[in-house]
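# Residue-level structure breakdown
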Amino acid sequence: RWIQWRDRKFQRELDDWKNHLVQWKKKASNNYYERSMILVYEDLIDYTKGPKEIIRLTAEMKRVGVTGMTPAIGIPCLWYDVVKRKKKETKRAHSYVPGYTEEQKNAFLQTLRDLKDNELSDDSQIVTIL
């Protein structure tokens, strides 16, 4: 079922995802909302970058008025407990292996290139992620 759905909907879903990113960027550029920061998942789970990213997130949350935040000194221990120890406890019944055709993979890569080179080229944070 997945493969049939994927093949039928792939291009539309990819186009919708691209349009969503472009609209999100436009709204941020037009001051529709304030984008405070972008968190990169791979940085959050990295032993070196993860605690620093959480400290950065905590500082931003304090800046906008969130109270009850963990003091910066305790964040590395908290990060390890939540991210690394919980990961060890998680058992998966099987591994997920996404299956896409070469054509679909190439379409996705081309979409990323288009976003990076055109619509989102002026946003270094997003370009780094893409």
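Heads up: the structure comes first, above all this text.
The notes below deal with the structure included here. Values in this document were obtained by computation on a predicted structure and should not be read as measured data.

Reading the values: rules and limits
All residue numbers refer to position in the chain's written sequence, counted from 1. In view of the model being predicted, local features appear only for residues whose pLDDT reaches at least 70, and side-chain atom pairs are presented and counted only at 80 or more, with totals across whole chains, interfaces and linings using the full set of residues. Water and hydrogen atoms play no part in the side-chain values, which are based on all heavy atoms of the structure. Here the nonpolar core consists of buried residues drawn from Ala, Val, Leu, Ile, Met, Phe, Trp, Tyr and Cys, with membership extended through side-chain atoms lying within 4.5 Å. Residue exposure (1.4 Å probe, protein chains only): buried if accessible area is under 20% of the type maximum, exposed if over 50%, otherwise partly exposed. Two residues form a contact once any of their heavy atoms are found within 4.5 Å. Candidates for patches are residues over 30% relative accessible area with no salt bridge; among them, like charges are joined within 9 Å and nonpolar side chains (Val, Leu, Ile, Met, Phe, Trp, Tyr) within 5 Å. In this description, accessible areas are obtained by the Shrake-Rupley approach with a 1.4 Å probe, and a residue is regarded as covered only by the protein chains that are shown. We count a salt bridge whenever a side-chain nitrogen from Lys or Arg sits within 4 Å of a carboxyl oxygen from Asp or Glu. To qualify as a helix, a DSSP run of H or I must reach at least 4 residues; to qualify as a strand, a run of E must reach at least 2; elements of each kind are numbered from the N terminus. One less than the number of residues in a helix, times 1.5 Å, gives the span that helix is expected to have. The arc in question is the one spanned by the directions pointing from the helix axis to the C-beta atoms.

Here we take up the nonpolar core. Among the nonpolar cores identified, the biggest contains six residues, and these are Leu21, Val22, Ile38, Leu115, Leu120 and Ile126. Once residues lying within four places of it in the same chain are set aside, the contact partners of Leu115 are Trp17, Lys18, Leu21, Val22, Leu120, Ser121 and Leu130.

Attention shifts here to a nonpolar patch on the surface. On the surface, Trp2, Ile3, Trp5 and Tyr100 cluster together into a nonpolar patch covering about 390 Å² of accessible area. When you line up the elements, Tyr100 lands in the loop between α4 (75-89) and α5 (102-117). On the accessibility criterion, Tyr100 (32% relative accessible area) is partly exposed.

What follows is about α5. Since one α-helical turn is 3.6 residues long, residues separated by three or four positions face the same way. Between its terminal C-alpha atoms α5 stretches 22 Å, which fits the 22 Å expected from 16 residues at 1.5 Å a residue. Of the positions making up α5, those classed as buried are Gln104, Thr111, Leu112 and Leu115. Along the long axis of α5, the arc covered by the buried residues comes to 95°, so they all point the same way. Exposed residues pointing more than 90 degrees away from the buried face of α5 are listed as Glu102 and Glu103. On the buried face of α5, the contacting elements are α1 (2-29).

Tallied over the entire structure, the rule returns 10 salt bridges. Across the pair Arg12 and Asp16 runs a salt bridge whose closest N-O atoms are separated by 3.9 Å. With Arg12 and Asp16 both in helix α1 and four residues apart, this pair spans about one turn of that helix. Since its relative accessible area comes to 55%, Arg12 is described here as exposed. A relative accessible area of 38% means that Asp16 is categorised as partly exposed. Close ionic contact of Asp117 with Lys116 constitutes a salt bridge, the shortest N to O distance being 3.8 Å.

Remember that the coordinates give geometry; whether it matters functionally is a separate question.
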